[in-house]
Amino acid sequence: MFDWKTIGQELRGRLDQYAPETNRLSRSSGTVLSIGDGMARLDGLRGCRLNELLEFDGGGYGVAMDLVEDSVGVSLLGDDAVVSAGMKAYGTGQVLKVPVGEGLTGRVVNPLGLPLDGKGRIHPSGYRSVEADAPGITDRQPVNASMETGLMIIDAIVPIGRGQRELIIGDRQTGKTAIAIDTILNQKDKDIVCFYVAIGQKASGISRIINMLEKAGAMKYTTVICSTAADSATLQFIAPYSGSAMAEYFMYAGRDALIVYDDLTRHATAYRAMSLLLRRPPGREAYPGDAFYLHSRLLERAAHLNNDLGNGSITALPIIETQAGDISAYIPTNAISITDGQIYLETDLFNANIRPAVNSGLSVSRVGGAAQSRAMQQVSGQLRLELAQYREMQVFSQFSSEMDASTQELLQYGNTLTELLKQRNNEPMEMPVQIILLYIVTKKLLPPGMPREQFNTFKEQFPRYLLLHYPEILRAIREEDGLSDPLQKQITGSLGKWIAAQDIGELK
Amino acid sequence: MIKGSIIAAKQPDDSTIKKISSVFGQIYGTEVVFELKPDPSLLGGICVEIDGTLYDGSLRGKLGKIVKIMKSEGP
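Predicted model only: the values in this text are computed from it and were never measured. (Residues numbered from 1 in each chain as written. Chains lettered and ligands numbered in written order. Predicted model: local features only at pLDDT ≥ 70, side-chain atom pairs only at ≥ 80, totals over all residues.)

Draft legend 1. Quick look at unusual backbone geometry. All names here are of chain A. Cis geometry marks the peptide bond from Asp262 to Asp263, where omega comes out at -5°. In this model, Arg355 is joined to Pro356 through a cis peptide bond whose omega is 10°. Along the chain, the position of Pro356 falls in the loop between helix 9 (347–351) and strand 18 (364–365). The backbone of Gln173 sits at a positive phi, close to 60°, despite the residue not being glycine. (Helix = DSSP H or I, 4+ residues; strand = E, 2+ residues; numbered from the N terminus.)

See below:
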């Protein structure tokens, strides 16, 4: 049965090492006055601090959110059923912490760090507070390295750098999550640890995303922090901060991390529910007065640290869902002012099969060229302007059927560009391939009047042709700084050979 | 004068209660009047609760701390 001798020895050994860190005998204690909807009001708890973790006699935990003169408002973490009126609760003297470290990578956890994937216990390297101060001004350096999403339209027009916060904003079903997931998929072999924080989504959706990540082998470097729509408002509220704490472990260790918050609109909704239950006064759209602070303190924790602190970074991709395209609503405007740029997705573009449905006019990246390689800057510099000119002319094309040659050329070029920037889901494009395709199209090297199917064939097959016959060009683009003249000639030459092999006309 | 409670598995004798009163009277600076609450689940020792603070000298409390430490170490 049991080996009592060994157990006894174990226990004696452990007891010898037993040196309680808090030798204090006293803790603050209180009694539950009322409980309901995930919030409890407690009496007593002298000396309770804000955001202190409290432990209930029945085994549940809660966070002290509201300190009033004669009572404490507590949001419960987990099931209300374990707490009843009259029950005792004790202060732990600590704030809420989550496990962090390499042990989290590849796992699916809840916002408290408890495993949800049935793969056994988490072995953390340590614990970090869920709420933490963002790096100070002198702790940072400007963003200067690129975070490649693998999506040409983003990497060319609204490039993202490591340490940047880029908002993905649009109506429902416009491809916001798809952009975030494609970015995660593109971080394979790039030494970036990824975090996907699901806030208030349906469990079936999250499960689909996890399957997608696993199939693509992305779970090797990704952690999923999951709070479904069935979880309490408190858990949904904590989820992004937990994710940020887990990412900060890597940032302060000198590594780069990417974190996706999907989505912050539901996060704000959960916080609004908590605040109203805590009887805090409602403000605009019934959100509490600190709705801005809710997101600003979260997103400020994504930064690029200076060399003294290890040069690590966290890149944040918060997602916000708008209603009927209204980016001037309360939460969207907050998020837009906090972040370093936005990627604006439109339903009309999506329905017209322009996917990713990025509106290149309204989308912006405030870091821009500093995050791009010289080669990419060279080929994409004029893109935004050219697309704007194309859009202007498009309006006219709907009215007059007779246009002068230059307008027709512009329209054709714009069509080609739009076609070029379309990309299928889960098919990220490597940077050298993007640069080459952009070079060819912007320098108008293809035979004019190429039908759309032919152009798509070119887009698909030419990169493979290069990989097979001219891999040195792809390597050179990665290694060299900028597109030198000989390199440009090489590209043109390889294109000529491919066209000849296709027999579709002559190189211009 | 403040109120407090002494929670114990076994009823403490009068001299013990007097000692507790004088010690806590010194800590809090005023006279403390205790009410006695029996609670066998403590397994031993005494808990003193005054004004929202709990002083846990019970056996149950000590065992709980040991369990916590053992849980947080290793597999």
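Draft legend 2. Here's a closer look at the domain arrangement of chain A. Residue and element names in this part refer to chain A. Along its sequence, chain A is organised into domain 1 (21–95), domain 2 (99–372) and domain 3 (378–502). A C-alpha centroid distance of 32 Å is found between domain 2 and domain 3. Across the boundary between the two partners, domain 2 contributes 17 residues, which contact 17 residues of domain 3. Looking at the side of domain 2 that touches domain 3, the elements with two or more residues in it are helix 2 (152–157) and helix 3 (176–185). It is helix 2 that contributes the most residues to the side of domain 2 that touches domain 3, 5 residues altogether. (Domains from an automatic or database assignment. Contact = placed C-beta atoms within 7 Å.)

Draft legend 3. Representation of the interface of chain B and chain A. Of the residues lining the interface, 13 residues belong to chain B; the matching set on chain A comes to 14 residues. When residues of the side of chain B that touches chain A are traced back to their parent elements, those giving at least two are strand 4 (53–58) and helix 2 (59–72) of chain B. Tallying contributions element by element places strand 4 of chain B first for the side of chain B that touches chain A, with 5 residues. For the side of chain B that touches chain A, the class distribution of residues is 6 nonpolar, 3 polar and 4 charged. (Nonpolar A, V, L, I, M, F, W, Y, C, P; charged D, E, K, R; others polar.)

Draft legend 4. Layout of the packing of helix 7 (residues 291–299) of chain A against helix 8 (residues 330–338) of chain A. All names here are of chain A. In contact at an axis separation of 10 Å, helix 7 and helix 8 are set at 35° when each is read in the N-to-C sense. Seen from above, helix 7 lies across helix 8 with right-handed handedness. For the pair helix 7 and helix 8, contact is made by Ala291, Phe292, His295, Ser296 and Leu299 and by Tyr330, Ile331, Asn334, Ala335 and Ile338, respectively. Along the lines of polarity and charge, the residues of the contact of helix 7 with helix 8 split into 7 nonpolar, 3 polar and no charged. (Axes fitted to C-alpha atoms, helices over the stretch in contact; angles between N-to-C directions. Left-handed = near helix turned anticlockwise from the far one by under 90°.)

Draft legend 5. Highlighting the sheet that holds strand 13 (residues 192–201) of chain A. All names here are of chain A. Spatial ordering of the open sheet is given by 8-14-13-15-16-12-17-18, a layout of 8 strands whose pairing is mixed. Across the chains shown, the open sheet's two edge strands, defined by having one partner strand only, are strand 8 (108–109) and strand 18. In the sheet, strand 12 (residues 167–170) pairs with strand 17 (residues 341–345) via 4 bridges, with the strands oriented parallel. Counted as the bridge partner of Ile168 is Ile343 from strand 17. Where helix 6 (residues 264–277) meets the sheet, its contacts fall on strand 13, strand 15 (256–262) and strand 16 (313–321), and the angle it forms with strand 16 comes to roughly 75°. Set on the sheet, helix 8 makes contact with strand 12, strand 16 and strand 17; between it and strand 16 the angle comes to about 160°. (Pairing = 2+ DSSP bridges.)

Draft legend 6. Representation of the confidence of the model for chain B within the structure. This prediction gives chain B a mean pLDDT of 83; 95% of its residues lie at or above 70. Model confidence for the complex: the whole-complex pTM is 0.87, and ipTM, which rates the interface, is 0.72. (pLDDT = per-residue confidence, 0-100.)

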